[in-house]
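Residue-level structural notes
Each chain, written out:
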Amino acid sequence: MQVILQVDFPYQGPWGDEMTAAMDGLAQSINQEPGFIWKIWTENQQTQRAGGIYLFANQTDAQAYLEMHSARLKSFGVPEVSGQIFSVNTALSQLNQAQFIQK
């Protein structure tokens, strides 16, 4: 069953196009993670938080990614990482235009 991983953390920039340029390598590496399907990058300059919404093929891969990513962020000096995993109700989500890609 596909799952959503929601992650956010304190972040002081860069933002927007500068963030895109700075995070290109990281974005490319995420595509190689086991069970990864897609990610929506999130940023809020006003609250100084960033993160993402990920779709994974299963809970095991999402949990493994969360653990690895949390450790990576903490090694960059991020003091706290908030991560939650949710099951996806595919039928209801598709009624609201959600599109899923099978891997």
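Shown above is the structure to which this text applies.
Quick look at the structure, then. Only a predicted model underlies this, so the values are computations on that prediction, with no experimental measurement involved.

**Thoughts on the pairing of strand 1 (residues 3–10)**
Judged from the eight bridges that link them, strand 1 and strand 3 (residues 49–56) form a sheet pairing that is antiparallel. Across the sheet, the residue bridging to glutamine 6 is isoleucine 53, located in strand 3. Where strand 1 meets strand 4 (residues 82–87), six bridges bridge the pair, whose relative direction is antiparallel. Along strand 4, the bridge assignment pairs glutamine 6 with glutamine 84.

**Examining the pattern of salt bridges**
Inspection of every chain in the model, using the stated rule, returns two salt bridges. Residues arginine 49 and aspartate 8 are paired through a salt bridge, measuring 2.6 Å at the closest nitrogen-oxygen approach. Of this pair, arginine 49 sits in strand 3 while aspartate 8 sits in strand 1, and the two are 41 residues apart along the sequence. The exposure class of arginine 49 is partly exposed, given its relative accessible area of 24%. Classification of aspartate 8 by relative accessible area gives partly exposed; the value is 22%. The shortest N-O distance in the salt bridge between arginine 49 and glutamate 80 comes to 3.7 Å. In this pair, arginine 49 is assigned in strand 3 and glutamate 80 in the loop between helix 3 (59–75) and strand 4, connecting sequence segments 31 residues apart. Connected via shared salt-bridge partners are Asp8, Arg49 and Glu80.

**Description of the packing of aromatic side chains**
Taken as a whole and judged by the stated rule, the model has six aromatic pairs. Each ring, one from tyrosine 11 and one from tryptophan 15, has its centre 5.1 Å from the other, and the planes form 85°; the classification is edge-to-face. Residue tyrosine 11 shares its accessibility class with tryptophan 15, and that shared class is buried. Judged by centre distance (5.9 Å) and plane angle (75°), the ring pair of phenylalanine 36 and phenylalanine 56 falls under edge-to-face. Of this pair, phenylalanine 36 sits in strand 2 (residues 36–44) while phenylalanine 56 sits in strand 3; the two residues are 20 residues apart in sequence, bridging distant segments of the chain. In this structure an aromatic cluster arises from ring pairing among Phe36, Tyr54, Phe56 and Tyr65. When the ring centre of tryptophan 41 is taken as reference, the NZ or CZ atom of lysine 39 above it lies at 3.3 Å.

**Some thoughts on the side chain of lysine 39**
Secondary-structure assignment places lysine 39 in strand 2. Buried charged residue lysine 39 carries no salt bridge. Nearest counter-charge: glutamate 43, at 10 Å. A polar side-chain atom of lysine 39 sits 3.1 Å from a polar atom in the side chain of tyrosine 54.

Scoring rules and cut-offs
Residues numbered from 1 in each chain as written. Predicted model: local features only at pLDDT ≥ 70, side-chain atom pairs only at ≥ 80, totals over all residues. Heavy atoms only, no water. Pairing = 2+ DSSP bridges. Helix = DSSP H or I, 4+ residues; strand = E, 2+ residues; numbered from the N terminus. Salt bridge = Lys/Arg side-chain N within 4 Å of Asp/Glu carboxyl O. Buried < 20%, exposed > 50% of the residue type's maximum accessible area, 1.4 Å probe, protein only. Phe/Tyr/Trp six-rings, centres within 6.5 Å; stacked < 30°, edge-to-face > 60°. Lys NZ or Arg CZ within 6 Å of the ring centre and 35° of its normal. Lys, Arg positive; Asp, Glu negative; His and termini not counted. Polar contact = N/O pair within 3.5 Å; in protein donor to acceptor, adjacent residues only side chain to side chain.

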